[in-house]
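Chain by chain, the residues:
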Amino acid sequence: AHVAMRLTGTYEDSQLSGSRNLENASLATFVGDERLTFERMNGRIIFNSKQAQIERLTGILGGGEFTATGGMLFTDDLRIDSYRVSLLGNNVTIPYPDDFITTGDANLEVTGKRINNELATHITGNIRASRVVYSQDIDLATVISGRRNPSLSGGTSTTEPTLDITIEGRDALVVRNNLADLTASLALRVTGTAGDPQVTGRIVANSGQIFFRRDRYDIQRLVIE
């Protein structure tokens, strides 16, 4: 980044002005256990007193293009107090929800607010999916008993992002695993936290195959809620 900054005021009440120009920058971050990498970012961020504004920002996420707008507010000692970033993605690919690979157009908003000296982040929006791949094998005994694998995050933290994301796609879901070979439409909502997401909604398939106890069943209509 090319940075031109001016810091004035006192340590307890600082004022920041200037700009930061990004050229082919990259940023990696984690949402729960999934890593997201933003590449070839180009843009300009303007600093004015206790504010930072994204003048323009473009880049690549999962092979697709994205644009971002928004800004943030700082405390008197220049820590982040709150922020809001709107993200528009075209044909981006992300490893979300957990165990899924989702490709589509995204319209997301990421907001944060400092509460009890920690930043609480909230991610909302929708993804219009063109392809969602699920290839993980399924243990029927675990599903029937309702057992869940322990979270790698080690429990919910106040700093974990909270979610409210809808994922929709007609004939977008592709399942290839030990139980099924099918294509389906989906309408899902992901809430909860990044470390413990809760998925609700419906999956509908009008063709495909189900494998159970060495027998194969042809699907005429399948509805999963």
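Structure: see above.
Residues numbered from 1 in each chain as written. Predicted model: local features only at pLDDT ≥ 70, side-chain atom pairs only at ≥ 80, totals over all residues. Heavy atoms only, no water.

### Focus: the packing of aromatic side chains
Here is the rule: Between the rings of Phe, Tyr and Trp (Trp by its six-membered ring), a pair exists once the centres lie within 6.5 Å; its type follows the angle of the planes, with under 30 degrees stacked, over 60 edge-to-face, and the other angles tilted. A helix here means a DSSP run of H or I that spans at least four residues, while a strand means a run of E at least two residues long, and both kinds are numbered starting from the N terminus.
Summed over the entire model, instances satisfying the criterion amount to 3 aromatic pairs. With a centroid separation of 5.4 Å and an interplanar angle of 75°, the aromatic rings of Phe38 and Phe66 are classed as edge-to-face. You can see Phe38 sitting in strand β3 (residues 34–49) and its partner Phe66 sitting in strand β5 (residues 64–74), a full 28 residues away along the chain.

### Looking at the pairing of strand β6 (residues 80–94)
To keep things clear, this is the line we draw: What makes two strands pair is DSSP finding at least two bridges between them.
Here 10 bridges tie β5 to β6, and the two strands are oriented antiparallel to one another. Paired with Met72 across the two strands is Tyr83, which belongs to β6. Two successive antiparallel strands, β5 and β6, enclose a turn made up of 5 residues, where Leu78 displays a positive phi of approximately 65°. Across 11 bridges, β6 lies against strand β7 (residues 100–115) in antiparallel orientation. Residue pairing across strands places Leu87 opposite Leu108, the latter belonging to β7.

Note that all results are geometric; they support no functional claim without further evidence.
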